[in-house]
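Commentary on secondary and tertiary structure
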Amino acid sequence: QLSYFRATGWNMLSLAMGLRGYIPVSATHRFGVNLWQIIMGYSGTGKSISDNFQTQVLDLVMSDDLETPYDLGADSSIQGLHLALLQRDNVPSLFTADEASGWFKRLKSNDWTTGLEDSLSDWYLGRVSPSNKISLKELRGKSATTSLCMLMYATPDRLAETLTLDQFLSGFLARVMWTYGNPRVETDEMFDIFKDSAGEIQDVETAPKVVRDIAADLVTARAHFRTPVALQPTAEAKERIAGAYRKLYKTLQSEKNWNILEPAVTRHAEVFIKVAGLCAMYRGDSTIELGDVLHAVKQVEEWAKNLVRVAEHITVGEFQMRCAEAEAYIRQLGGSATATKIYHRFGNWITRDAKEIDNILVYLTQSGTINKLEENGGVKYALNGD
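What counts, and where the lines are drawn
Residues numbered from 1 in each chain as written. Predicted model: local features only at pLDDT ≥ 70, side-chain atom pairs only at ≥ 80, totals over all residues. Heavy atoms only, no water. Helix = DSSP H or I, 4+ residues; strand = E, 2+ residues; numbered from the N terminus. Buried < 20%, exposed > 50% of the residue type's maximum accessible area, 1.4 Å probe, protein only. Contact = heavy atoms within 4.5 Å. Areas by Shrake-Rupley, 256 points an atom, 1.4 Å probe, with all protein chains shown as cover. Pairing = 2+ DSSP bridges. Lys, Arg positive; Asp, Glu negative; His and termini not counted. Salt bridge = Lys/Arg side-chain N within 4 Å of Asp/Glu carboxyl O. Polar contact = N/O pair within 3.5 Å; in protein donor to acceptor, adjacent residues only side chain to side chain. Core = buried A, V, L, I, M, F, W, Y, C linked by side-chain atoms within 4.5 Å. Axes fitted to C-alpha atoms, helices over the stretch in contact; angles between N-to-C directions. pLDDT = per-residue confidence, 0-100.

It is worth spelling out the overall build of the protein at this point. Scanning the protein for helices and strands turns up 13 helices and 13 strands. Looking at the protein as a whole, 45% of its 386 residues qualify as buried. Put simply, of all contacts in the protein between residues at least 6 apart along the chain, 74% involve residues at least 24 apart. For the protein, the accessible area works out to roughly 19500 Å², and carbon and sulfur atoms hold 50% of it.

Here's what the structure looks like:
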C-alpha cells in the first residue's frame, strides 16, 4: 500500500540524514531530523513487503556503518537499547518492531515510567545519558549523541489494547506519527506465496534496480552534508509553517479527545519543520523553501488525521479497562463500596475533574453491572445481584 511506502520513505530519508542536519529553534535549543512512526495495518495488507523493501535499501545506504547494526531490533531491553546507543555514538540508529503490541505489553507489565519516560525523551532529543551500571563495562559513565528513528508495525486491535493514556500524556506516544493502511482486499495476488521472497541482498549488484536507485539517491543526498548543517527556513516558509500549525491546532482542539491530542500537537508542529528540512536536504540544500514546507504540510496533516483515530482507540480501550477495574475493586470489597472509597482508590484517573470517575460509575450503573444506593446520607455502589 502506498501509505506504508510513504511512511517507510520518510523513515529511510530521516535515518540517512540523521545527525547531518538540525533545526536551530533558538540560540540554546535545536532538534534533529529523526522521526518516530507506527504503521497500523492488518495481516495481508503489505506491511512485510514495505518493511522488506526498506531493509534492502537501508542495508545498502548504511553498508559502511559500524559493527553494531544500525537496526536495533525490538527484542532488546531498555538497558540493551541504552548499551547499543552508547556503542553507536554520533551515528543514526533505527528501532523497529514487526508487531509493536508485544513491545508495548512488556512496557505495561513493568512500571514503564520508572526511568524509561526520561530515557525515551532524551533519546528522541538526541541525548544518550551516562550510566554507572557494571554491565556496561568500558562504556560506564560515558554519554553519546544519537539520531534515533523509530518505525514499528502493528495490528490495530492488538495494539489498541496495549496503549495507555499515560503514555500519551507523558509525551512518549505524543511524539509518534501514525499511519493506517486500508483494509485487506482479496485478489488473485494474495495466493502468490513467492511475491515477498526477494531474499537476502549480499551487495549492490544483487539488489533489484529500484532498490539500487533509491539507495543511490539517498547516498548522493547525504554526501552533500559531511558535517552537520543548520536547516533554516525562508521567511515565506516560516509563515506557511505557522499557518499550518495554527490550522492544525484549531482543528484538533475541536475534537472530543483533546486531552489526548493536546500533548501531540506541539510535536506535530516540530515535525512540520523536520519533514520540510528533510525535503531540503534531499535537494542538497540547507535552506528550507516553500516547496519543502508544502510537502511537509501534506504529510503531517495526514499523520494528524490518523492521530485522531488512534486517540479514539485509546479512549475506548482505556474506558473499558477502567470499567473492569472499578467492577473488580467493588467485588474485592465484598460486592459493595462507598463512593468515597471509590474516589479515593481511583483518584489517579482524574486529569481534569471528577466527572472522569463519574462517567465510569454511570456506565456501570446504566449497563446493569452495579446499583447506586443511598444510605445514611451517603452513596454506595453494589454489584447487581449481590
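Even without being a glycine, L19 presents a positive backbone phi close to 70 degrees. Considering the arrangement of structural elements, one finds L19 in the loop between helix 1 (2–17) and strand 1 (21–24). Look at L19 and you get partly exposed, because its relative accessible area is 23%.

What follows is about the sheet that holds strand 1. Pairing in this open sheet of three strands is mixed, and the strands run 2-1-8 from one edge to the other. Among the strands making up the open sheet, the edge pair consists of strand 2 (30–31) and strand 8 (229–230). Looking at chain direction, strand 1 and strand 8 are connected through two bridges and run parallel. Across the sheet, G21 pairs through a bridge with V229, a residue of strand 8.

What follows deals with the pairing of strand 7 (residues 176–180). For strand 7, a buried count of five out of five residues is recorded, marking the element as mostly surrounded by other parts of the structure. The two faces of strand 7 match: V176, W178 and Y180 on one face and M177 and T179 on the other face are all buried. Of the strand pairs in this sheet, strand 3 (residues 36–40) and strand 7 are connected by five bridges, and their pairing is parallel. Across the sheet, M40 pairs through a bridge with Y180, a residue of strand 7.

On to the side chain of K274, then. As for its position among the elements, K274 is in helix 10 (residues 258–282). The side chain of K274 sits in the buried core without any salt bridge; E270 is the nearest counter-charge, 5.4 Å away. Within the structure, the side chain of K274 is placed 3.2 Å from the side chain of Y124, a separation counted as a polar contact.

Now for the side chain of K47. Topologically, K47 is positioned in helix 2 (residues 47–61). Buried and without a salt bridge, K47 has E99 as its closest oppositely charged side chain, separated by 4.7 Å. The contact partners of K47, leaving out residues within four places of it in the chain, are Y4, G41, Y42, Y153, A154 and T155.

What follows is about the nonpolar core. Counting 98 residues, the largest nonpolar core has I38, F104, M152, L159, F172, W178 and I288 as its most contacted members. Among the elements that take part in this core, helix 10 stands out by supplying 14 residues, more than any other. Setting aside residues no more than four positions away along its own chain, W178 makes contact with I38, M40, L159, L163, F168, L173, W303, N306, L307 and V310. Ranked by size, the runner-up nonpolar core spans 16 residues in total, among them A337, A339, F346 and I370.

Looking now at the environment of Y180. Here Y180 lies in strand 7. Between the alpha carbons of Y180 and V310 there is a distance of 9.5 Å; along the sequence they are 130 residues apart. For Y180, the residues in contact, after removing those within four places along its chain, are S3, M40, P156, N306, R309, V310 and H313.

Spatially, the three strands line up as an open sheet ordered 11-13-12, and their pairing is antiparallel. Each having just a single partner strand, strand 11 (336–338) and strand 12 (370–375) make up the two edges of the open sheet. Put simply, the sheet's adjacent strands are angled 25 degrees from each other on average, direction ignored. In this sheet, strand 13 (residues 378–383) lies alongside strand 12 in antiparallel orientation, the contact comprising six bridges. Residue pairing across strands places N371 opposite A382, the latter belonging to strand 13. Each of strand 12 and strand 13 touches helix 13 (residues 355–366); the most contacted strand, strand 12, lies at about 110 degrees to it.

For the protein, the mean per-residue pLDDT works out to 86, and 89% of the residues sit at or above 70. Predicted confidence in the protein is weakest over helix 4 (residues 100–109), with a mean pLDDT of 75, and strongest over strand 10 (residues 287–288), with 98. Within the model, pLDDT remains below 50 along residues 196–204, and this stretch shows 15 contacts once partners closer than five positions in the same chain are excluded.

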